Amino acid sequence: MSSWLILLCFTVFISCENVLPPPCDSEIYCTGSILDQVQKAKLYDDDKYFVDMKLKVAPDIILSAFKNLSSVSPTVPREKLQEFLNMYFEKPGTEFETWTPPDWHSNPAFLNKIKDTQLREWALNIHQLWKLLGKKIQDSVKDHAELYSQIYMPYPVVVPGGRFRELYYWDSYWVINGLLLSEMRDTAKGMIQNFLHLVDRYGCVPNGGRIYYERRSQPPFLTLMVESYYQVTKDKELLRAALPRLDQEYSFWMQNRSVLVSVNGNNHSLNRFDVQVGLPRPESYTDDLELAEGLTEASKQQLWMDLKAGAESGWDFSSRWYISSTGQNSGTLKDTRTSQIVPSDLNALLCRTEKVLASFHRIMGSNESAVQYEQAAQNRLRAMDAVLWDDQQGAWFDYNLQTGSKHLQFYPSNLAPLWAECYSDEKAHKAVEYLKGSGALKYPNGVPTSLVESGQQWDYPNAWPPLQHMLIEGLSKVPSEDAKQLAEDLAQKWIRTNWKAYTTYEAMFEKYDVNGDGKPGGGGEYEVQLGFGWTNGVALQLLDQYGASLTSGSRHSSPGLLLIFLLLLSLLFTLH
C-alpha cells in the first residue's frame with residue numbers, strides 16, 4: 001500500500017459513527033415502546049433474553065399490533081405483554097443450526113507435550129468443548145435480517161457459551177489461538193473471515209454479533225488474530241485479503257477513539273474507549289435505567305455513554321472506570337467515567353498492533369506503509385512513557401483526563417506493555433518488581449482483576465483468563481530468569497485453579513475466584529457463565545507452553561513421584 005493510501009485510511013475513512021443511524025435502526029431491538037415496556041415489566045430474568053428473540057412476522061406488523069394494544073392502555077399489563085410476545089416472538093437461539101466443526105479431530109499434537117496424565121486427559125476434554133461451542137447461523141438470517149437481532153456471519157462461529165450465544169470480539173483472540181492448537185485451522189480462518197466481513201460492513205468490529213452492539217467495539221485484537229493464524233499457516237492469500245481491512249479498523253480507532261494529552265507542554269496522541277450513544281444498553285436496559293434514577297437528563301445520557309464505553313473496554317464493569325466527584329479513582333457504578341480515562345492496556349494493544357501491521361506491510365512489499373506504522377509505534381511508545389509510565393511506582397497506569405493525573409491502583413493492565421513488548425530502557429525490571437510488591441501475587445488461584453471489592457465482576461476477587469494470559473505471556477518475554485520463573489509459577493497456579501474447578505463442576509467458567517479451592521467467580525450483572533471460549537483457549541495455550549512442568553496436584557499425576565514415594569516407603573520398612 002502506498003503512503004498516500006495509508007494516509008487516506010488515517011484521515012478520511014468513514015467510521016461506524018458515520019455509517020450507522022444512532023444507535024441502530026430497529027424500533028424493537030434498540031429503541032422504542034416495545035423494548036421499554038417489555039424490559040420494565042421484567043418478564044425474563046435477563047434483559048438480554050428479549051433482545052435475542054426472533055420476530056415471527058415483519059417488524060411493521062408487530063409495531064402496528066403493539067400500537068393497537070397500547071392504545072387501550074398506554075402501559076400494557078404484564079400478562080397482556082406476555083401474550084403479545086408469545087404471539088409475535090420466538091425464543092432465543094432459533095437462528096442457529098446444529099454444526100460440528102469438520103476439522104475437529106481427536107488427537108492434536110499439543111496433547112503429547114503435556115506430561116501430567118491428569119492434565120492431558122483434561123486438555124482432551126477441553127478440546128472436545130469446541131464441538132459444543134461451534135454454531136452456524138441459518139441462511140434465513142441473511143435472507144430475512146429484519147426478523148433478527150443476530151448479525152449474519154458467512155462462516156460458522158465458536159461462541160463464548162452460556163448467555164453469550166453469538167460471536168464476541170476480543171474473546172475470539174484466545175478462542176482462535178486455542179483452535180489453532182487444536183489444529184482446527186479452517187474454523188479459525190472462518191472466524192477471522194467473519195470479522196473481516198464485519199469491518200467491510202461497519203468499518204470496525206462491533207462488540208458482538210447483535211445489531212444492538214453496532215455502535216460499540218471491543219479491544220481491537222483482529223490484527224493479532226491474523227498474526228496468530230499467519231504464524232501457523234503462512235497463508236499469504238488471507239493476509240493479502242485481510243490487510244486493507246486491518247488498516248481500515250486501525251483507522252477507525254485513530255479517528256474515533258483518540259485523544260490528545262498534554263504533559264509538560266508536549267501533546268501526545270493516545271486512545272481511549274468512547275461510545276457517543278446516550279441511551280440504555282438494550283441487553284441491560286433496566287439495569288441502566290435504575291442506575292440513572294435521580295440524575296438530570298444530561299447526566300443520564302453521559303452515564304449511559306460511559307457504561308457503553310465500559311462495555312467496549314471488555315471490563316464491564318470495574319472500579320477501574322470510576323471517577324468520583326472529587327476526581328478520585330473511587331465511588332460506585334454510578335461514577336463510571338470510562339471515556340475520561342486513557343487505558344494502559346488499550347494503548348499497549350495498539351502499539352503491538354502497529355508493529356504487527358508494519359511487519360505485514362513488509363511481507364506484502366509495502367515498505368512505505370511499514371515505515372508509517374513503525375513511526376506510529378515509536379510515537380505511541382514515547383506517549384506511553386510520557387503519560388502512563390510512573391518511574392517511582394515502576395508501572396504504566398491509566399490516565400485521568402479530568403484531573404491530569406494517573407490512577408495508581410493495582411490492575412493487571414498496569415503490566416500490559418510487557419505483553420505488548422512496548423517499553424524502553426530498564427522498565428521491564430522495574431515492572432516485575434512493582435508486581436512483586438503490589439500484593440496481587442498472594443492469592444492461591446490467580447491474580448485478581450483489582451484489589452478493590454466493589455461487587456463488580458472486573459474487580460476483586462475475580463480473576464479473568466485473558467488478563468492471566470497477558471500477564472504470564474508478558475513476564476515470559478522479559479529477559480530475566482526471575483520474570484520467566486514468575487510467569488511459570490502463575491501459569492501453574494492458574495491451570496490448577498481451572499483444573500480443580502473442572503473436577504468439581506465438570507465445567508469451564510468465564511472467571512474464577514482467587515480465593516478458596518478452585519471455584520467460579522461472581523458479581524456483576526449476570527450469573528457466572530459456563531463454556532467458556534476464552535477460558536478454554538487460555539488453558540490450552542498454557543498447557544502447550546508449560547506442559548512439561550505443569551502438574552494437577554493429583555496423587556496420580558506423576559508416576560515418577562509415586563515410584564520414588566514407594567521406594568522410600570520400602571526402604572523405611574527395610575530399616576525397621
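These figures come from a predicted structure and were not determined experimentally.

Peer 1: Explain the overall build of the protein chain residue by residue, including any values.
Peer 2: Looking only at helices and strands, the protein chain has 22 helices and 14 strands in total. Relative to the globule expectation of 25 Å for 576 residues, the C-alpha radius of gyration of the protein chain, 25 Å, shows essentially globular dimensions. In terms of its C-alpha atoms, the protein chain occupies a principal-axis envelope of roughly 95 × 60 × 50 Å. Within the protein chain, buried positions represent 59% of all 576 residues. Nonlocal contacts in the protein chain, meaning residues at least 24 apart in sequence, comprise 72% of its contacts between residues at least 6 apart. For the protein chain, the exposed area adds up to about 22,900 Å²; of that, 51% sits on carbon and sulfur atoms. Positive and negative side-chain charges of the protein chain, numbering 54 and 68 respectively, have mean locations separated by a distance of 2 Å.

Peer 1: Tell me about the packing of aromatic side chains, residues and numbers included.
Peer 2: For the structure on display, the rule yields 38 aromatic pairs. Taking 5.3 Å as the distance between ring centres and 65° as the angle between the ring planes, the aromatic pair formed by phenylalanine 66 and phenylalanine 84 counts as edge-to-face. Of the two residues, phenylalanine 66 sits in helix 5 (residues 59-72) while phenylalanine 84 sits in helix 6 (residues 78-88), which places them 18 residues apart along the sequence. Classification of phenylalanine 84 by relative accessible area gives buried; the value is 6%. Relative to phenylalanine 509, the ring of tyrosine 505 has its centre 5.4 Å away and its plane inclined at 90°; by these criteria the two rings are edge-to-face. Among the residues examined, tyrosine 505 registers a relative accessible area of 42% and is labelled partly exposed.

Peer 1: How would you sum up the pattern of salt bridges? Please name residues and give values.
Peer 2: Enumeration according to the criterion identifies 35 salt bridges in this entry. A salt bridge links arginine 210 to glutamate 95; the nearest nitrogen and oxygen atoms lie 2.8 Å apart. Note that arginine 210 is positioned in the loop between helix 10 (185-202) and helix 11 (222-233) and glutamate 95 in the loop between strand 2 (89-90) and strand 3 (96-97), a separation of 115 residues in sequence. The two residues arginine 210 and glutamate 95 agree in class, both being buried. Salt bridges sharing common partners tie together Lys48, Asp52, Glu95, Arg165, Glu166 and Arg210.

Rules used in this analysis
Residues numbered from 1 in each chain as written. Predicted model: local features only at pLDDT ≥ 70, side-chain atom pairs only at ≥ 80, totals over all residues. Heavy atoms only, no water. Helix = DSSP H or I, 4+ residues; strand = E, 2+ residues; numbered from the N terminus. Rg over C-alpha atoms; globule rule 2.2 N^0.38 Å. Buried < 20%, exposed > 50% of the residue type's maximum accessible area, 1.4 Å probe, protein only. Contact = heavy atoms within 4.5 Å. Areas by Shrake-Rupley, 256 points an atom, 1.4 Å probe, with all protein chains shown as cover. Lys, Arg positive; Asp, Glu negative; His and termini not counted. Charge placed at Lys NZ, Arg CZ, Asp CG, Glu CD. Phe/Tyr/Trp six-rings, centres within 6.5 Å; stacked < 30°, edge-to-face > 60°. Salt bridge = Lys/Arg side-chain N within 4 Å of Asp/Glu carboxyl O.

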